[in-house]
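Coordinates in review
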Amino acid sequence: MPIMEEYTSIDILVSVNAEDIHKDPDNLLNHVDFSDNQPSDKYDDPRDKTTFDSIADSNQMVTWNIGDVSRMGHLALITNIEFKDVPEGFFQKAPYDPGGGSWVAVMGDNKTNNNLAAKYTITFDSGYRGDPLYVIDPKLQIRKKENTTS
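This section reports on the structure supplied with the text. Because the structure is predicted, anything quoted here is derived from the model rather than measured.

Considerations on the nonpolar core
Judged by nonpolar contacts, the single largest core of 32 residues is most densely connected at V32, F34, W64, F83, F90, I122 and F124. Not counting chain neighbours up to four residues away, the residues in contact with V32 comprise V14, S15, V16, I21, K49, F124 and I136.

Overview of unusual backbone geometry
With phi around 65°, N59 is a residue other than glycine that occupies positive phi space. One can find N59 in the loop between β4 (52-56) and β5 (61-68). For N59, a relative accessible area of 41% translates into the label partly exposed. With a phi angle near 65°, R71 is a residue other than glycine that sits in the positive phi range. Along the polypeptide, R71 turns up in the loop between β5 and β6 (77-83).

Side note on the sheet that holds strand β1 (residues 10-16)
The mixed open sheet is built from five strands, whose spatial order is β2-β1-β5-β8-β7. Looking at which strands have only one partner, the edges of the open sheet turn out to be β2 (32-36) and β7 (91-99). Neighbouring strand axes in the sheet, compared pairwise and without regard to direction, differ in orientation by 20° on average. Note that β1 and β5 share seven bridges and pair parallel. In the sheet register, V16 faces β5, and the bridge partner there is D68.

Notes on the pairing of β4
One face of the sheet, then the other: side chains in a regular strand alternate in exactly this way. Taken across its five residues, β4 has five buried, putting it largely inside the fold. The two faces of β4 match: F52, S54 and A56 on one face and D53 and I55 on the other face are all buried. Where strand β3 (residues 42-43) meets β4, two bridges bridge the pair, whose relative direction is antiparallel. Note on β4: the bridge partner recorded for Y43 is F52. As defined by bridge partners, β4 adjoins strand β11 (residues 139-142) across four bridges and the pair is classed as parallel. The residue bridging S54 from the neighbouring strand is L140, located in β11.

A short note on the pattern of salt bridges
Going through the model one piece at a time under the given rule, you end up with six salt bridges. The salt bridge involving R47 is made with D45; its shortest N-O contact spans 3.1 Å. Its relative accessible area of 24% is what places D45 among the partly exposed residues. For the salt bridge of D53 with K139, the shortest nitrogen-to-oxygen distance reads 3.8 Å. Linking D53 in strand β4 with K139 in strand β11, this pair joins segments that are 86 residues apart in sequence. Assessed through its relative accessible area of 7%, D53 is described here as buried. K139 sits in the partly exposed class, given a relative accessible area of 23%.

Each value, and the rule that gives it
- Residues numbered from 1 in each chain as written.
- Predicted model: local features only at pLDDT ≥ 70, side-chain atom pairs only at ≥ 80, totals over all residues.
- Heavy atoms only, no water.
- Core = buried A, V, L, I, M, F, W, Y, C linked by side-chain atoms within 4.5 Å.
- Buried < 20%, exposed > 50% of the residue type's maximum accessible area, 1.4 Å probe, protein only.
- Contact = heavy atoms within 4.5 Å.
- Helix = DSSP H or I, 4+ residues; strand = E, 2+ residues; numbered from the N terminus.
- Pairing = 2+ DSSP bridges.
- Axes fitted to C-alpha atoms, helices over the stretch in contact; angles between N-to-C directions.
- Salt bridge = Lys/Arg side-chain N within 4 Å of Asp/Glu carboxyl O.

Have a look at this one:
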């Protein structure tokens, strides 16, 4: 019987520079960065921030947080996370806002031999007073089922 590893949650951080976004709203992607606590997750194309790809395991919790890096005290907030055309069973619990500024989801159980992937939209307020809401479209995957036969 294989030993089960205990996984931490996937913690996705959206870093925005509210000052730069305000001055340069037409180039939003130049002032936004994604990161998470998984060293293998990265941009598929470093020149395109929408290609950030977080990869979770089945039944793993995912959290999203946002922060302003301009050092001007702006309170950036995620206002919505919306997935479209998700594969069946992709979530045990779809993304929701439990309060406190972060969003949470619990991934489903991927029993296929392929990674399950879904694009999604994060809508956020940069925290710069009077600016509109902004959107960005990264991707989330659930790793394929591991072959457990020896």
